[in-house]
Amino acid sequence: MNHVPEMVSEQPDNGPSLAEVVSLSKRAGFVYPSSEIYDGMAGVYDYGPRGVELANNIKATWWNEIVRKRQDTVGLDAAIVMNPKVWEASGHVANFADPLAECRDCNTRVRVDHLLEAIGVIADDKMELSEINSLFTDHKTELKCPTPNCGSRDFTPAKQFNLLVATNIGNFTGDLDKDPVWLRGETCQGIYVDYKNVMNSSRVQTPFGIAQIGKAFRNEITARQFIFRTREFEQMENQRFVAPDKEMEEYETLRQERMDFFIKNIGLKPSNLQWFQHSKLAFYANAAWDIEYRYPFGFSELEGVHARGDYDLTQHGNASGSDLSYRDPHTGEKYTPHVIESSCGVGRTVLAVLCDSLKTEQLENGERTLLQLKPSLAPIKVAVLPLAKNKSDIVERSQRIFSAISGEFATEYDDNTNLGKRYRRQDEIGTPMCVTVDYDTLEDGTVTVRDRDTMKQVRIADSQLEQFVRDALK
Ligand code: ATP
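These numbers come from a predicted model, not from an experiment.

Now for the domain arrangement of the protein. What the domain assignment lists for the protein is domain 1 (3-81 + 182-354) and domain 2 (380-472). Distance between the C-alpha centres of domain 1 and domain 2: 37 Å. Taken together, both faces of the contact between domain 1 and domain 2 bury some 480 Å²; the carbon and sulfur share is 45%. Applying the counting rule to domain 1 against domain 2 returns two salt bridges. Elements supplying a minimum of two residues to the side of domain 1 that touches domain 2: α1 (18-27) and α2 (49-68). Partitioning the side of domain 1 that touches domain 2 into residue classes produces three nonpolar, one polar and two charged.

Below is the structure:
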């Protein structure tokens, strides 16, 4: 695999460390380890009160751009479990695997392609096991077990480990190995198998897209780097069905749109994004590029953008016996559409957004942690902060302001501790506006609105607050 980064911009950015992001996530309620009171569950995370809002805002932004704003794309929510024949036809039962080896000294399981990558040797996920094993042998003396205090160089040979996760839904034999039903390993298979139903029940014509957001499951050998690689995760996938002779033209358009999305709609810094081209392709694929984000551990995949030819529909057509061809209503021409896709992880986007926006600023009276989120993604848009907790008319006025805006904007009411601390709390969860209600509010009906980034305050009539917030969030 040839790493061919195509930089969008060459400005490096000194972002936060992963430890800082993990610490903020826990402290401020973005992400927690799953079932932590029982020592957690490796590779699984929960989104807390702030995290669920951030993730929902990311998903809504994606859905809006991909489905709502377009006339040629429709949405879908296919089930997580499907007939197991789907995963045989797609090739997952036979081939959805990563190369696994075990340290002979401490029994840690390692992903051989990752070990090789760490010393600069690219073992593409499209390589045969024999190719990976010969690279593994060639570089044996340079590789060592990553477990702290181990460092052994003695590994078993690599074998392919299938990533599909089995469930016993509808299986009453008590034997999971018997006719396993898989939790989906990627959401797009639901799209391919529903393609005919969507075509027959809507008026889509090529080129058209079917988009879906949903959970996927993979038995990742080494779940690591916080929410970057987890065993349960969510994907946002858009599969576009195009005429065979338009595949590459449509693909280039999709690539451009996807990079624009992360910059304009998600607000990631161009200097933290780059293209990576896979030079070794699956036999059916015509192009594969990834959008990579500069995570604290280096540039890594945020989204895959692929041109997959007619492989998916052909496989499912042949295996199911259904006719998955398309007839052009204008020319009468019949063909199996080619698929171009964008496939993105919600968790990887949340992590990119947190890394991109977390800062520490030195102030005269100490420092503040600031999450400089795009306002549309902020978990809370407005915080209402009464200046007196026990003064009934200030409390009553503040509650009225909260009720007036909270139906339209995610609003938080906070009357706990001194105002400085309340500002700090809102800054670190990225709240763009804080509204304070004080004695002047009772006198002249004005409130103070403080801007998160500049910390500048303006006084406006509380009757104008709704419009003020609406304008500020545009
Ligand atoms: P990687 O090479 O990092 O394992 P992949 O090439 O297997 O990723 P795809 O199968 O193309 O990933 O999945 C599409 C997207 O789904 C990825 O770009 C990523 O954002 C997300 N994704 C895949 N696997 C995981 C995972 N284990 N945890 C979180 N997100 C994931």
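Now that the structure is up, let's keep going.
Further remarks concern the site of the ligand. Neighbouring the ligand are 15 residues, the closest being Glu220, Arg229, Thr230, Glu301 and Gly345. Glu220 places a polar side-chain atom, nitrogen or oxygen, 2.7 Å from a nitrogen atom of the ligand. Gln235 places a side-chain nitrogen or oxygen 3.2 Å from an oxygen atom of the ligand. A total of 590 Å² of accessible area belongs to the ligand in isolation, and the protein chains cover 86% of it. Secondary-structure elements contributing two or more residues to the shell around the ligand are β11 (232-242), β14 (298-307) and β17 (338-345). A per-element tally of the shell around the ligand places β14 first, with four residues. Each residue belonging to the shell around the ligand can be placed in one class, and the counts come to four nonpolar, five polar and six charged.

A few words now on the packing of α1 against helix α10 (residues 346-357). Pairs of packed helices are described in terms of their axes, by the angle between the two and the distance that separates them. The interhelical angle for the contact between α1 and α10, taken along N-to-C directions, is 105°, at an axis separation of 10 Å. One finds that α1 runs roughly perpendicular with respect to α10. Note on element contacts: α10 touches α1 through Leu351, Leu354 and Cys355, opposite Leu18, Val21 and Ser25. Classifying every residue of the contact of α1 with α10 by side-chain character gives five nonpolar, one polar and no charged.

Turning our attention to the nonpolar core. In terms of nonpolar packing, the biggest core is built from 51 residues, with Phe30, Phe262, Leu268 and Leu302 touching the most fellow members. Top element by residues in this core is α10. It accounts for seven residues. Counting 18 residues, the second largest nonpolar core, distinct from the first, contains Ala78, Ile191, Met199 and Leu313.

Below, the discussion takes up the sheet that holds strand β5 (residues 97-102). Across a sheet, paired strands are connected by hydrogen bonds in the backbone, their directions being either parallel or antiparallel. Spatial ordering of the open sheet is given by β6-β5-β7, a layout of three strands whose pairing is antiparallel. Where the open sheet ends on each side, the last strands, each with one partner, are β6 (109-111) and β7 (159-162). Taking each pair of neighbouring strands and ignoring which way they run, the sheet shows an average axis angle of 50°. Pairing geometry for β5 and β7, over four bridges, is antiparallel. Looking at β7, one finds that Ala97 is bridged to Asn162.

The sheet built from five strands is open, its strands ordered β21-β20-β22-β23-β24 with mixed pairing. The sheet is open, and its two edges are formed by β21 (411-413) and β24 (457-461), each paired on a single side. Strand after strand, the sheet turns through a mean of 25° between neighbouring axes, direction not considered. As defined by bridge partners, strand β20 (residues 382-386) adjoins β21 across three bridges and the pair is classed as parallel. When the bridges of β21 are listed, Val382 appears paired with Thr411.

Conventions and cut-offs
- Residues numbered from 1 in each chain as written.
- Predicted model: local features only at pLDDT ≥ 70, side-chain atom pairs only at ≥ 80, totals over all residues.
- Heavy atoms only, no water.
- Domains from an automatic or database assignment.
- Buried area = accessible area lost by both parts, 1.4 Å probe.
- Salt bridge = Lys/Arg side-chain N within 4 Å of Asp/Glu carboxyl O.
- Helix = DSSP H or I, 4+ residues; strand = E, 2+ residues; numbered from the N terminus.
- Nonpolar A, V, L, I, M, F, W, Y, C, P; charged D, E, K, R; others polar.
- Near = heavy atom within 4 Å.
- Polar contact = N/O pair within 3.5 Å; in protein donor to acceptor, adjacent residues only side chain to side chain.
- Areas by Shrake-Rupley, 256 points an atom, 1.4 Å probe, with all protein chains shown as cover.
- Axes fitted to C-alpha atoms, helices over the stretch in contact; angles between N-to-C directions.
- Parallel < 35°, antiparallel > 145°, perpendicular 65-115°, else oblique.
- Contact = heavy atoms within 4.5 Å.
- Core = buried A, V, L, I, M, F, W, Y, C linked by side-chain atoms within 4.5 Å.
- Buried < 20%, exposed > 50% of the residue type's maximum accessible area, 1.4 Å probe, protein only.
- Pairing = 2+ DSSP bridges.

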